Every structure is written in C-alpha cells, then in structure tokens.
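Structure at a glance
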Amino acid sequence: MKKEKEVAKNKKAKVKELLKEFGTRVYRDLDNSVFPEVAIPSRSVSNIVYDKKLRQYVLGKAMLSRSAKNMRHLRPFTQLVWMAFFVNKLINQGKTSTLRDIYYSAQAFNMDFEDQPESDHTITDLEALLTMAREDFNVYPEERSSVFGDLTIEYTVPGYEGRRLNLSDHPDGYLIGPSLSTAEFVKTGAEMVIAVEKGGIFTRFVEEKVHKKFKAIIVDTAGQPPRSTRYLLKRLHDELDLDVFILADGDVYGEHIAMVIKSGSANAAHLRELTVPDAKWIGVWASDIQKYKLPTDPMTEADIKRCHELKKDPRYQSDIWQRELDLFLKMKRKSELEAFSKYGLTKITDDYLPEKLEMANSMD
Amino acid sequence: MSQATFREISPSEFFYRNRDLAGFSNPSRALYMTVRELVENSLDACDHNKILPHITISIKPVEKDSPDPKQYVVTVTDNGPGITPDYVPMAFGKVLYGTKFTLRQARGMFGLGATMAILYGQITTNKPVTIKTTQNGKMYEYTMQLDIQRNRPLILNKEKTDANGFKGLSISITLEGDYGKSQNKIRDYVAQTALITPYANISLQDPVGNKIKFKRVTKVIPPPPLEIEPHPTGVDVETLRRLIGHEYNTSQSFGQEMKERVKKELGADRINQSSDTIADLAKKRWEKLTRAVKTAASIVVLLDINLDDLEKVRVDNIDVPNSKISYITLLDENYHTIKLKKINPFFKHLVSVVEGDTVLDFMTRNFQRVGPNIAKKFIDFAKIDSKKRIGTLSNNEIVALADAMQRYPAFLAPDASCLSPLGEKLLEAGIRKVFNAEFVATVQRPPSAYSGFPFIVEMGMAYGGDIKTDSISLYRFANRIPLLYDEGSDVAMKVIEEVDWPRYRVGQESPLIIVSHICSTRVPYKTVGKEYIADRPEIEYELRNGIRFLARKLAAFLSKKGHLEMQKKRAGIYSKYLPMLAQFTTELAKAKKEPNYKPLLKLGEEVEEGEGGSEEQESQG
C-alpha cells in the first residue's frame with residue numbers, strides 16, 4: 001500500500017510538471033513575439049477507435065490545432081490556458097473543485113464562458129492535451145454514487161490526513177467524492193465488488209447483508225457511473241485484486257453500463273485509467289428474463305434503435321454481448337432489477353445473485 | 001318576346017355604377033383614394049406652375065365617438081395657382097372634364113380625380129362639397145353637388161370674401177370612410193409621397209389628433225414635362241382617327257398656353273386683344289406664323305371674339321360647303337352655329353385645315369421623331385399615296401395606316417422629354433428625408449421605350465441606420481405617385497427576387513430598402529386598379545440593370561464597412577486576450593515578470609482576415 005501512495009504522489013508531481021511545461025511553452029512564444037499554438041488530439045467521432053489490446057476506446061491520430069494568431073481561435077486558446085492556470089492553483093493549494101464551480105470561478109478572472117458546457121469542454125481539452133483525467137486536476141463531477149462494504153480507508157485530503165474509516169460503518173453507504181477518491185486503501189475483508197445500477201437495489205443489498213453473505217463491497221453506480229466511480233472500481237480491482245461484477249437492468253442501457261465500466265466510454269477515449277477490462281456483466285441478461293420469467297415492458301423505438309447501434313459497435317462483437325443484444329431484439333421486451341420482487345423481495349439476493357455469481361466464476 | 005332597351009348614360013352615371021373601377025370599392029379604400037386624388041391634383045397644379053408645394057391634409061370625423069365606418073370630412077389645402085372661379089363648377093362638377101388627357105406625364109390616373117371623390121361622398125352622405133379658391137386677393141367659396149344623371153354641377157351657394165393672404169385651393173369632401181382600417185395606407189401614402197416629392201411640405205392631421213409633418217428638404221423642382229406629339233408605334237386606330245380629326249375640324253379647345261403663343265408670335269405683349277387687332281397683326285406677319293397660331297388667330301377673327309375668350313370655346317365643326325362654323329362655349333356648354341365670313345387669309349387657312357394635309361405632311365407634323373425622310377420611307381412601306389389628303393382617307397385606309405405604324409421597324413426611339421423623372425439627386429434627398437440610413441444611392445437609367453411609349457426608370461437603395469426591416473422592403477412609384485397595393489405582383493418585386501443577393505453581401509434579413517420609380521406617358525399597369533406594373537421585358541431590363549448597379553455600390557460599402565468592423569473587432573480581441581495569456585502563463589511558468597507580448601498586439605491587427613477561416617482546423621498529425 002505504501003507503493004500506491006508513492007504512485008499517487010508521483011502522479012501529482014507529473015501533473016504539475018506538465019502544467020508548467022505547457023505554461024512555459026506559451027510564455028516563451030509570447031515573449032519571442034511568436035503566436036503560440038497548441039495541438040490537441042481530436043475527440044470527434046471520426047477519430048475514436050477501439051483498441052483491442054487495451055480493450056478500450058482510444059483516440060486516433062487526428063489533431064486539432066489552435067493558434068493564438070487565428071482570431072477565432074484566440075478565445076478558446078485563452079480559455080484553455082486559463083484552465084491550466086486555474087487547476088494549477090487548485091493543485092498547489094490542495095483544493096478541489098467541481099465542473100460547475102469552475103464555470104463560475106472563471107468569471108472572477110474575467111474569463112468568459114458562454115455556458116457550462118463550454119467550460120466543461122475546455123477542461124476535456126486540457127485532459128486530452130495532457131492525457132490526464134480531470135480528477136488528476138482535482139476536478140470532480142457533481143453527481144456522486146455510493147459505496148458500502150468492509151474496506152478501511154485513510155484520508156489524504158488536507159485536515160483529514162491519517163484519519164481512517166470503515167466503509168461499512170454507515171448503512172446508507174458513503175458518497176464517492178473527492179476525499180474518498182483520493183483516500184488510500186488500508187485493508188479489506190471483501191473478496192469481490194458488486195456494482196449495481198440503482199440506489200433501491202443497493203439499499204436492498206445492504207439490508208440483506210449481501211456484503212457479509214458474499215464478502216462483497218457494494219457500489220451504487222447511479223445509472224451510468226461517473227468517472228470517479230469507474231476510477232474507484234478500477235482501483236478496487238487493481239490495488240485489492242477484487243473481482244468486479246456488474247448487475248444492471250435487463251435492457252440495452254443496462255448492458256451498456258456494464259460495457260462502459262469494462263471498456264470505457266467514447267467521451268473519455270483520451271483517458272486510459274478508467275476501465276476495468278476484467279469486470280464481469282452478470283445480469284440482468286435477456287436470457288435471464290426468459291429463464292426467470294420476469295415481468296416485462298415492451299421495448300420502445302429508441303430502445304430498438306440503440307440496440308441496433310450497439311450491435312455494430314466494435315466492443316460488442318464477442319459472443320455474450322452480441323447474443324444478448326440479438327435476444328433483446330427478438331423479444332422486444334425488457335425488465336428492471338426490481339422485477340424480481342414479483343417472486344418476493346429477497347428473491348434477487350436469495351436465488352438470482354448466487355446463481356449468477358456461480359455461473360460467472362465457472363466461466364473463467 | 002322581351003325587348004332590350006338601349007339607353008345612353010352620362011359619364012358620371014357610369015362611374016356611379018362602376019365606382020369599384022376607380023378604387024372606391026369600400027369605406028376604407030374610398031377614404032384613402034379621396035386623400036390620394038386630392039393630394040395628387042394639388043401636387044400637379046403646383047408642379048405645372050413651378051410653385052413649391054405646401055399641402056395640408058385633414059381628416060375629421062363628423063361624429064367623434066361613433067364607430068367606423070362613419071362620416072369623415074377630408075380637407076386638402078394647397079398653395080397652388082387655384083382655379084379661375086368661373087371654372088370651379090365645371091372642373092369639379094363634371095366627370096372627365098380636365099386637362100390630363102394629353103401625352104405628358106401627370107400624376108392623376110383616371111382624370112376623374114376629385115370629381116370621383118365628390119361623387120362618392122355625395123352618394124354615401126348626401127352632403128355637398130366645399131371648394132375655396134383665390135384670385136386677385138379674393139376668396140371664392142362654392143358649395144355644390146353633382147347632378148349625377150345629367151353629369152352637371154349643381155351650385156348650392158357661392159360666396160366671395162377677402163382672401164386674407166390665403167392663396168391656393170382648398171376642397172372639403174364629406175364621405176363615409178373607415179379610418180381605422182385605412183390609416184396605415186394613408187400614413188404610408190403620405191410618407192411615400194413625401195419621399196418622391198422632396199421639394200414639398202406635406203402634413204396630415206388625422207382624426208385621432210396626430211399630426212404628421214414632412215418638411216421639404218430641397219427647393220429644386222424637377223423640370224416640368226413637355227407636351228409632345230405621340231410616337232407612331234404608340235398610336236392605335238382610334239388615336240389616329242382623332243389626330244386626323246384635329247387636322248380637319250380642329251375640334252379642340254385652346255388653353256392658356258395657346259393664348260401666350262398667339263401673343264408672342266404676333267409680337268406684342270400688351271396688345272389690345274380684340275378680334276380686329278388680332279386680324280391686323282396676324283395679316284402683317286402671316287407668312288411667319290406657325291400653323292397652330294394661324295388657326296388660333298383665324299378662330300378669334302372668324303368668331304369675332306377677344307383673344308381672352310379663346311380658351312372658353314371649343315370648335316366642334318367647320319362646314320365649308322355651307323360656310324358654317326359650330327362651337328361650344330365651355331362655361332355654359334351651349335352649342336352655337338354661325339355663318340363663316342370669308343375674311344382672308346383666315347378663311348382660306350381654315351379651309352386648308354379642314355381638308356387636311358397630305359399624308360406626308362400629316363406624318364411629319366403630328367408625330368414625334370418623324371421627319372420627311374422617315375415619313376417618306378414609312379409611307380412607301382404602308383403603300384399609301386403620299387400626296388393624298390389626310391381628310392379624304394377611307395376607313396380602311398386609316399386602319400391600314402395604323403396597322404403599318406405598328407409594324408414599321410425603322411422609327412426612331414420615342415422622345416423622353418415628355419417625362420419628368422425626379423433625378424438622382426432629388427431622389428436621394430427624398431429617401432434621406434424619410435429614412436435615416438447609413439447608405440443611400442440612386443441611379444437614373446437612360447430613357448427607353450416599350451410599344452412606342454417612352455419611359456425612364458429611377459431607382460434608389462437605402463441601407464442600415466434607423467431602417468428596421470426583417471426583409472428587403474420595396475417602395476414603388478409610378479409617375480411620382482406611390483403604389484401601395486399588390487406589391488407581390490409588381491415587376492420590380494419579380495426583379496428583386498431574381499437578384500442573387502448573397503453575391504452582394506446582402507442577407508435575407510438585411511435592413512435594406514429599395515425604391516423604384518417608373519416615369520412614362522403610359523405606365524403599363526396590369527389591372528384597372530392601377531396598383532402594380534406589368535412585366536414588360538423592356539422595363540424589366542432597366543430595373544434589373546438599375547438594381548445591379550446599386551447592389552454593387554452597396555456591396556462595396558458593406559465590404560468597406562465590414563473590413564473596418566473586422567479590424568476593430570480584431571484589435572479588440574487581441575488586446576483583450578493577449579494580456580490574459582501573459583498573466584496566466586507567467587504564473588504557470590513561474591516566471592518573475594510577464595512576457596513581452598506587446599509586439600504581438602500590433603501583429604494581431606495585421607493578420608489577414610482569411611486566416612480566421614474555420615472554427616477549428618483539423619489535421620492528420
């Protein structure tokens with residue numbers, strides 16, 4: 001665990017170095033009466049490719065050039081430099097911020113963003129330019145999901161350094177925020193991680209003591225998981241060597257939540273540290289809907305369209321993923337995790353979960 | 001079996017039955033037409049007398065609080081020459097009595113003008129019209145009505161008072177109108193009339209107490225149009241027959257101008273104008289007199305009247321074999337036939353007039369731009385004996401002659417001196433008077449002709465400033481009157497729609513106003529409503545070239561403006577962001593002082609516009 005601490009420290013140092021390097025390059029150009037330029041990997045759809053080796057989406061070779069010489073580029077260029085300037089301040093002062101907070105902070109520097117998406121876009125540019133995640137810049141999203149289970153952490157945030165906490169101490173779970181994301185893992189009795197799509201099921205699992213029965217850390221992804229949650233899942237897998245299982249609704253979006261945790265999203269194709277390629281999707285599969293005779297709803301036109309899109313996606317070419325999509329298309333029906341309640345509130349934890357976990361383990 | 005009854009109706013009866021033809025179709029349209037007819041009469045009167053017009057329009061409700069449509073009193077007052085008091089009843093009390101049936105550009109459209117408005121007022125309210133005119137410091141006020149069936153005025157009251165300094169003409173008509181519905185058109189009409197008449201003061205006092213005033217911005221009146229002979233191509237059988245008729249029975253009245261011409265040619269300004277004096281003077285100079293003056297002098301002598309009375313008679317027929325002459329006295333419309341005395345050379349002259357000219361002389365004398373050469377060639381073309389007297393042509397020969405005029409290809413283009421365009425400077429002044437624009441340009445195209453009728457196209461363009469429109473707006477004028485209805489069908493609209501505006505940097509929503517003014521002895525209106533102009537290819541051609549010329553000027557202006565604005569914007573952007581870049585990078589680079597970015601500020605302004613092309617440049621790296 002000491003080693004991990006070193007890695008985190010080195011990473012901060014690397015971010016600082018990269019920011020200084022970028023700032024110095026622009027500074028020199030200005031001083032030498034040269035219009036500074038920057039080349040950012042293009043994040044347009046045409047430049048996103050699936051890397052089979054890394055098992056995630058990565059950016060291609062197309063670059064976007066921004067030059068201070070170009071009147072239309074000057075403003076976004078300055079926005080980018082301001083962003084570097086601002087996160088540099090955050091890091092140096094050991095502070096964190098959110099996307100929304102950054103958008104409002106810009107006004108104090110007379111830096112005009114038209115709306116929050118523009119400022120969000122700029123920080124993504126900075127991520128792509130330095131190939132670092134915004135969490136490395138101490139910037140976190142607003143939305144947070146939660147975690148519960150037997151894991152002792154130690155805070156690293158200022159004022160809490162050295163304090164420890166067990167994540168099973170509070171039955172509602174703990175928010176996955178900046179402090180938790182940067183905390184170090186001290187020890188755990190868990191043997192696996194179960195990520196569930198929604199808060200209702202998360203609470204049910206805590207009530208049914210899934211963490212004890214299965215020796216599991218339970219994570220509520222709250223829909224498509226935010227990056228901090230995906231980063232946490234990755235750390236749990238990499239640092240603690242825990243298996244990660246994903247349980248989502250029995251529809252095309254549930255399947256995609258599992259895929260994003262496993263292989264990353266197109267939106268973050270410029271980042272490398274957010275995926276858990278070994279994570280396993282255990283349900284709810286289309287075939288489970290048939291097998292467990294779950295109550296269903298008809299798929300909407302949007303569902304069907306999305307299904308066809310994913311069928312063409314390079315990540316979905318292996319057997320289960322493709323097979324389940326075909327089955328969804330055939331049935332044109334979908335189910336939610338709550339559908340198991342038809343057979344009693346504990347059906348999902350008593351029967352379904354153990355059966356699926358066993359099956360997942362036997363597959364390897 | 002039923003039997004159809006044929007009955008002659010008077011012109012005023014005809015228009016009473018067909019008032020829609022003249023635009024008096026409903027209370028709102030009638031109110032607008034009344035204002036319009038009266039204003040246009042006033043402007044014409046001022047123009048022809050070279051008086052800078054000062055016109056006031058007032059529209060007052062008879063009962064303030066009753067709902068529309070209701071009775072309104074429309075009063076239009078001008079500072080023109082007024083009307084000789086004795087003529088007032090005829091001028092306003094008889095339909096189709098006027099001076100506008102000539103080949104020269106004038107505003108009035110039907111020659112019905114005020115009389116039609118009076119007629120409409122009378123049939124909707126049964127109230128008399130009041131006309132005030134001044135002469136020699138006295139004011140003459142008539143209160144009168146029309147006898148519609150007999151097409152005659154009915155004078156109810158006549159007063160003579162001191163004019164108290166007022167000079168001009170004032171008409172008040174009470175009619176049923178709808179101001180609520182017509183106010184936009186009336187206001188537009190006044191504003192647009194102000195535009196096309198920049199040398200006029202025009203004000204409108206509306207029924208709800210608003211006063212709109214347009215002051216003159218120039219004292220220049222465009223030169224008045226000349227009255228000229230017709231062009232052969234523009235002549236049909238009926239016109240030709242009338243021209244021939246003029247030749248042999250002189251059925252014409254002599255106006256004020258003829259009196260002046262007679263005085264001038266006889267060589268004295270203050271002559272005793274009695275018949276005997278005229279006879280003496282005319283004899284002395286007979287050979288030197290023009291034909292028209294010879295005829296006028298002959299009439300004065302043979303009717304034994306004063307030169308002054310010449311304009312009060314109209315000769316109807318000269319019967320040479322029976323030595324009789326018939327004429328009408330205009331004031332009372334009485335018909336007189338007297339014996340023709342054989343006083344020479346006057347009698348002989350009238351006889352030769354009656355017999356008419358040879359066809360050759362007829363052609364050279366009666367048509368514009370036809371000299372002996374062209375006339376000769378034309379007559380050969382028409383296969384008519386050139387020595388034949390025009391008065392002896394048979395019906396078939398007249399038709400053949402008219403037909404040949406249409407077909408003969410070698411006539412010269414019509415003379416445009418009968419037209420009175422505003423001119424580029426005045427048009428610009430007019431546009432600037434109404435619109436506070438950033439850019440104004442005008443152009444006058446060279447004269448052209450369609451079907452033998454000459455025309456001149458003038459155009460103007462105004463852009464930006466206080467002009468607030470969300471599309472290109474067109475203001476149309478014909479012979480210095482605004483055309484307000486059926487814009488979409490007008491030839492100018494068609495031409496505007498065909499222009500490739502983006503080429504001239506003009507977008508769909510540009511604040512742009514286009515003015516088109518067509519002057520012609522006969523404007524080719526498409527319908528009897530006379531509100532829009534037909535797409536004659538010749539007119540289209542001139543409009544298109546005019547508009548392109550102006551659009552090029554506008555494009556140059558916009559380009560220059562755009563360049564300046566771009567430069568300003570550029571300077572603004574660099575001076576805003578470069579210091580910020582300096583500040584942020586100083587901290588990032590942990591430098592001690594800010595980089596020297598000042599030279600870049602200057603360089604930034606010089607960067608070519610083209611380099612700011614696309615939002616983001618993508619490249620394969």
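Attention in this report is confined to the structure presented alongside it. (Residues numbered from 1 in each chain as written. Chains lettered and ligands numbered in written order. Predicted model: local features only at pLDDT ≥ 70, side-chain atom pairs only at ≥ 80, totals over all residues. Heavy atoms only, no water.)

**Concerning the overall build of chain A**
- In terms of regular secondary structure, chain A is built from 13 helices and 17 strands.
- Out of the 364 residues belonging to chain A, those deemed buried represent 57%.
- In chain A, the share of contacts with a sequence separation of at least 24, taken over all contacts with a separation of at least 6, comes to 74%.
- Accessible area of chain A: about 16100 Å², with a carbon and sulfur share of 49%. (Helix = DSSP H or I, 4+ residues; strand = E, 2+ residues; numbered from the N terminus. Buried < 20%, exposed > 50% of the residue type's maximum accessible area, 1.4 Å probe, protein only. Contact = heavy atoms within 4.5 Å. Areas by Shrake-Rupley, 256 points an atom, 1.4 Å probe, with all protein chains shown as cover.)

**Things to note about the sheet that holds strand β7 (residues 146–148) of chain A**
Residue and element names in this part refer to chain A.
- Sheet architecture is open: 6 strands sit in the order β10-β7-β13-β12-β14-β15, paired in mixed fashion. For this open sheet the edge positions go to β10 (174–175) and β15 (280–283), each flanked by a neighbour on one side alone.
- Seen against the sheet, helix α6 (residues 199–207) touches β7, β12 (192–196), β13 (216–220) and β14 (243–247) and runs at an angle of roughly 155° to β13. (Pairing = 2+ DSSP bridges. Axes fitted to C-alpha atoms, helices over the stretch in contact; angles between N-to-C directions.)

**Looking at the pairing of strand β2 (residues 48–51) of chain A**
All names here are of chain A.
- Relative to strand β3 (residues 56–59), β2 runs antiparallel, the two being bridged by 4 bridges. Residue pairing for β3: aspartate 51 is matched across the bridge by glutamine 56.
- Connecting β2 to the next strand, β3, in antiparallel fashion are 4 residues, including arginine 55 with a positive phi near 55°.

**Quick word on the interface of chain B and chain A**
- On the chain A side, the residues contacting the 39 residues of chain B number 39 residues.
- For the pair chain B and chain A, the summed buried surface comes to about 3700 Å²; carbon and sulfur atoms form 62% of the total.
- Together, Tyr577(B), Phe584(B) and Leu588(B) form the three largest contributors to the area buried by chain B at its contact with chain A, with a combined 19%.
- Along the contact surface separating chain B from chain A lie 2 salt bridges.
- For Lys89(A), the salt bridge identified is with Glu587(B), shortest N-O distance 3.1 Å.
- Seen at the junction of chain B and chain A, the total is 7 residue pairs in polar contact (both at pLDDT 80 or more).
- No other element matches the 15 residues that helix α16 (residues 537–588) of chain B contributes to the side of chain B that touches chain A.
- In terms of residue class, the side of chain B that touches chain A is built from 18 nonpolar, 11 polar and 10 charged. (Buried area = accessible area lost by both parts, 1.4 Å probe. Salt bridge = Lys/Arg side-chain N within 4 Å of Asp/Glu carboxyl O. Polar contact = N/O pair within 3.5 Å; in protein donor to acceptor, adjacent residues only side chain to side chain. Nonpolar A, V, L, I, M, F, W, Y, C, P; charged D, E, K, R; others polar.)

**Quick notes on the sheet that holds strand β7 (residues 201–205) of chain B**
All names here are of chain B.
- Across the sheet, 8 strands lie side by side as β5-β4-β3-β6-β2-β1-β7-β8; this open sheet has mixed pairing. Because the sheet does not close on itself, it has two edges, and the strands there are β5 (152–162) and β8 (211–214). Neighbour to neighbour, the strand axes of the sheet diverge by 15° on average, direction disregarded.
- For strand β4 (residues 138–147) and β5, the ladder comprises 10 bridges, and the chain directions are antiparallel. Along β5, the bridge assignment pairs methionine 139 with threonine 161.

**Notes on unusual backbone geometry**
- The linkage connecting Gly283(A) with the following residue, Val284(A), adopts the cis geometry, with an omega of 0°.
- With respect to the element layout, Val284(A) can be found in the loop between β15 and α10 (286–291).
- The residue Lys50(B) is not glycine, and still its phi comes out positive at about 55°.
- By the element assignment, Lys50(B) lies in the loop between α2 (27–48) and β1 (54–61).
- The residue Asp304(B) is not glycine, and still its phi comes out positive at about 55°.
- With respect to the element layout, Asp304(B) can be found in the loop between α9 (291–303) and β9 (313–319).

**Comments concerning the packing of aromatic side chains**
- All chains considered together, the criterion is met by 30 aromatic pairs over all chains.
- Taken together, a centroid distance of 5.1 Å and an interplanar angle of 20° make the contact between Trp82(A) and Phe86(A) stacked. Of this pair, Trp82(A) and Phe86(A) are both found in helix α2 (residues 71–93), 4 residues apart, which corresponds to roughly one turn of the helix.
- Ring centres of Tyr408(B) and Phe411(B) lie 4.9 Å apart, and the angle between their planes is 75°; on these two criteria the pair is classed as edge-to-face.
- Ring-pair connections join several aromatic residues into one group, and the members of that group are Trp82(A), Phe85(A), Phe86(A), Phe109(A), Phe113(A) and Phe584(B). (Phe/Tyr/Trp six-rings, centres within 6.5 Å; stacked < 30°, edge-to-face > 60°.)

**Remarks on α9(B)**
Residue and element names in this part refer to chain B.
- Between its first and last C-alpha, α9 extends 18 Å over 13 residues, near the 18 Å set by a 1.5 Å rise per residue.
- For α9, the tally of buried residues reaches 11 of 13 residues, placing the bulk of the element in the interior.
- Turning to α9, its buried residues number three or more, namely Val293, Lys294, Thr295, Ala296, Ala297, Ser298, Ile299, Val300, Val301, Leu302 and Leu303.
- Backbone geometry just downstream of α9 places aspartate 304 in the positive-phi region, at approximately 55°. (Expected span 1.5 Å × (residues − 1).)

**Looking at helix α11 (residues 359–366) of chain B**
- Inspection of α11(B) places Val359(B), Leu360(B), Phe362(B), Met363(B) and Asn366(B) among the buried residues, and these make up the whole buried set. Buried residues of α11(B), seen end-on, are gathered within an arc of 165° and therefore sit on one face of the element. (Arc of directions from axis to C-beta.)

**Re the environment of Ser181(A)**
Residues and elements named next belong to chain A.
- Tracing the sequence through the fold places serine 181 in helix α5 (residues 178–182).
- Owing to a relative accessible area of 6%, serine 181 belongs among the buried residues under this scheme.
- The spatial distance from the C-alpha of serine 181 to the C-alpha of arginine 235 is 9.5 Å, given a sequence separation of 54 residues.

**Observations concerning the nonpolar core**
Residues and elements named next belong to chain A.
- Within the largest apolar cluster, 73 residues are counted, with the highest numbers of intra-cluster contacts made by Val147, Ile153, Ile194, Phe205, Ile217, Leu247 and Leu353.
- In terms of residue count, helix α12 (residues 319–331) provides more of this core than any other element does, 7 residues in total.
- Counting residues in each nonpolar core, the second largest holds 49 residues, with Val87, Tyr103, Phe113 and Leu126 among its members. (Core = buried A, V, L, I, M, F, W, Y, C linked by side-chain atoms within 4.5 Å.)

**What to know about the packing of helix α9 (residues 252–263) of chain A against helix α11 (residues 301–312) of chain A**
Residue and element names in this part refer to chain A.
- One way to put it is that α9 packs onto α11 with a least axis distance of 10 Å and a crossing angle of 35°. In this structure, α9 uses Val252, Tyr253 and His256 to contact α11, whose residues at the interface are Ala302, Asp303, Arg306, Cys307 and Leu310.
- Each residue belonging to the contact of α9 with α11 can be placed in one class, and the counts come to 5 nonpolar, 1 polar and 2 charged.

**Overview of the pairing of strand β12 (residues 439–444) of chain B**
Residue and element names in this part refer to chain B.
- β12 sits mainly inside the fold: 5 of its 6 residues count as buried.
- Here β12 pairs with strand β14 (residues 453–463) via 6 bridges, running antiparallel. Pairing of phenylalanine 439 across the sheet is with tyrosine 463, part of β14.

Note that every value here comes from positions in space, so none of it alone points to a role or purpose.
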